[in-house]
Amino acid sequence: MSAVKTAAVVVGLLSFGLLQGRDPQESGLHAWTGPGLLCAAGLSLLVLDWLRRLLFCPLELLRAPDDVGYIAEDGRSRARAANEVRRRRKTGELPPVYPNGWYRALDSRMLERGEVKNVSVLGEQVAVFRGQNGKAYVLDAYCPHLGANLAVGGRVVGSCIECPFHGWQFRGKDGKCVRIPYAAKVPEFAKVRSWPSCEVNGLILVWFHCDGEDPQWTVPEQLEITKGEWVYRGRTEHFINAHIEEIPENAADIAHLAHLHTPGILSGVDLRYTNSKTWEFLRHDWKVQWEPEAEPNKHCSRMQVKHSLTVFGRHWPPLDLHVVARQVGPGVVFLLFDHSFLGRGVIMHCVTPVEPLLQCVSHIIFYQSNIPALVPKFFLKAECIQFERDVMIWNNKKYVSKPLLVKEDSAIQKHRRWFSQFYSENSPQLRYQRNTLDF
Ligand code: FES
Ligand SMILES: [Fe+2]
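On a predicted model such as this, the values are computed, not experimentally measured, just so you know.

**What about the overall build of the chain?**
Reasoning step 1: Broken down by element type, the chain carries 9 helices and 21 strands.
Reasoning step 2: With the principal axes as the frame, the chain shows a C-alpha extent of 85 × 70 × 50 Å.
Reasoning step 3: A burial count over the chain gives 31% of its 439 residues as buried.
Reasoning step 4: Partitioning the intrachain contacts of the chain with sequence separation of at least 6 by distance along the chain shows that 58% fall at a separation of at least 24.

The following block contains the structure:
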């Protein structure tokens, strides 16, 4: 609980105590003056705290895997509905499940110097830690000695991580074991797998390649973030029950914008009600173009979005918004905002596969520091509402390898061809084995 909230509660309790124990005759004051004032003070503190959070604190919307996109009918809980959907899903003929590329493991803010965190990425457990030198490292979490998890109770020593079980120490930069406290010699082969990683734009990213190849491109730096001109204003987190490719494919699926994303954000995220008459007065219009980039950036693609808002059938030009969504590899997209008076900033949309059909999606917003936080927070919230409509589709659909497309859907095929560059011969595939999902 924040200090202000605590103060408000204390003031409230005091006033309650006074209301109980006070004898108005004794005090000579009007019966409710003292306690009433204290109540008012408590309420004001709560309101002030609410205003402080609204105006100055980042917006953090973290959804649990069963929070969004499932229909809990017939007395079932949402968690049960989510489990049933996942159990009964038809997957279709899937592309490989882990494309080669950079993926977000954590936000930089989440990892202090000398701290270690256990993160699930691409079906693996990794230990992400920050050495005393300030550098972030990513190693396989399981110790090669007897399998303890380095991130659960492990200790950062300089730029190494020490296993909590027998104290072996592994170097962050290459995973080599540098110390076994009870052995005279450290064997040459004693090491744990280290993942190529980088830290840029307030993100810690790991590189995955199924054949262990080195990174083939870098994640571009957004200089305004490095220089501190754009500051952190919030993030969202969702878990999506779908194949990773379905998420970026949304950018090339132009027809769904007019259908799914046109109802005003006030009509919410539940697709059973988004077309309700009550909210018809507000609508979003989209003009979109999706194109892959040329060499040397063929791992990038670009979506140009022109958004306009119509209220009671009237277009409001000052609120027109032009966004460029630049996708860099399979796991990171930069949504760049540039508005004449609402300022500039970026939402980084990061998709990290946790399991073959479970994606962790984060939206992290950095925005011009001299624009009131409410503006980027509103953008993030609006993006979150539109995104959760897609989540309801993704969580319940199957992947169709040979979709029935019309001419106007041609960008979808183009996107699939573009995305296939992230798979290689040995990319992990998912196959069914006696009703269980396995590799
Ligand atoms: S299990 Fe890690 S040192 Fe023994
Ligand atoms: Fe969408």
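From this point on, the discussion continues.
**Re the pairing of strand β18 (residues 343-355)**
Reasoning step 1: Summarising the sheet, strand β17 (residues 332-339) and β18 pair through 8 bridges and their orientation is antiparallel. By the bridge assignment, L335 is partnered in β18 with I347.
Reasoning step 2: The antiparallel pairing of β17 with β18 creates a hairpin that spans 3 residues between the two strands.
Reasoning step 3: Sheet topology note: the β18/strand β19 (residues 358-368) ladder contains 10 bridges and is antiparallel. Pairing of E355 across the sheet is with L358, part of β19.
Reasoning step 4: Linking two consecutive strands that pair antiparallel, namely β18 and β19, is a turn of 2 residues.

**Some thoughts on helix α9 (residues 410-419)**
Reasoning step 1: Looking at α9, one finds that the buried residues are A411, H415, W418 and F419. Buried residues in α9, looked at end-on, bunch into an arc of 90°, giving them a common side. In this structure, α9 carries S410, Q413 and R417 as exposed residues pointing more than 90 degrees from its buried face.
Reasoning step 2: For α9, the elements touching its buried residues are α6 (246-252), α7 (254-260), β13 (282-292) and β14 (300-311).

**Digging into the domain arrangement of the chain**
Reasoning step 1: Each assigned domain of the chain is listed here: domain 1 (60-89 + 224-431) and domain 2 (101-208).
Reasoning step 2: Put simply, the middle of domain 1 and the middle of domain 2, counted by C-alpha atoms, are 32 Å apart.
Reasoning step 3: At the junction of the two partners, domain 1 supplies 17 residues and domain 2 supplies 13 residues.
Reasoning step 4: Broken down by secondary-structure element, the contributors of at least two residues to the side of domain 1 that touches domain 2 are β18 and β19.
Reasoning step 5: Across the side of domain 1 that touches domain 2, the residue classes tally to 12 nonpolar, 4 polar and 1 charged.

**What to know about the environment of L45**
Reasoning step 1: By the element assignment, L45 lies in helix α3 (residues 33-56).
Reasoning step 2: On a C-alpha basis, the gap between L45 and K377 in space is 23 Å, while along the polypeptide they are 332 residues apart.

**Focus on the sheet that holds strand β3 (residues 116-121)**
Reasoning step 1: Spatial strand order, β3-β4-β5: 3 strands in an open sheet with antiparallel pairing. On the outer flanks of this sheet lie β3 and β5 (136-140), each paired with one strand and no other. On average, adjacent strands in this sheet sit at an angle of 30° to one another, irrespective of strand direction.
Reasoning step 2: Both strand β4 (residues 124-130) and β5 contribute to a ladder of 5 bridges, which runs antiparallel. Counterpart to R130 in the pairing with β5 is A136.

**Description of the confidence of the model for the chain**
Reasoning step 1: On average, residues of the chain carry a pLDDT of 90, and 91% of them reach 70 or more.
Reasoning step 2: Confidence drops under pLDDT 50 across residues 14-24; counting only partners more than four residues distant or on other chains, this segment forms 14 contacts.
Reasoning step 3: Here residues 433-439 is modelled with pLDDT under 50, and outside its nearest four sequence neighbours on either side it reaches 7 contacts, counting other chains as well.

**Focus: the sheet that holds strand β2 (residues 101-107)**
Reasoning step 1: Taken in spatial order, the 3 strands line up as β2-β11-β10 in an open sheet, and their pairing is antiparallel. A strand with exactly one partner marks an edge of an open sheet, and here the two such strands are β2 and β10 (197-200). Across the sheet, the mean angle from the axis of one strand to that of its neighbour is 30°, orientation sign disregarded.
Reasoning step 2: Both β10 and strand β11 (residues 203-208) contribute to a ladder of 4 bridges, which runs antiparallel. The partner of C198 across the bridge, within β11, is L205.

Conventions adopted
Residues numbered from 1 in each chain as written. Chains lettered and ligands numbered in written order. Predicted model: local features only at pLDDT ≥ 70, side-chain atom pairs only at ≥ 80, totals over all residues. Helix = DSSP H or I, 4+ residues; strand = E, 2+ residues; numbered from the N terminus. Buried ≥ 20, exposed ≤ 12 C-beta atoms within 10 Å, placed from the backbone. Contact = placed C-beta atoms within 7 Å. Pairing = 2+ DSSP bridges. Arc of directions from axis to C-beta. Domains from an automatic or database assignment. Nonpolar A, V, L, I, M, F, W, Y, C, P; charged D, E, K, R; others polar. Axes fitted to C-alpha atoms, helices over the stretch in contact; angles between N-to-C directions. pLDDT = per-residue confidence, 0-100.

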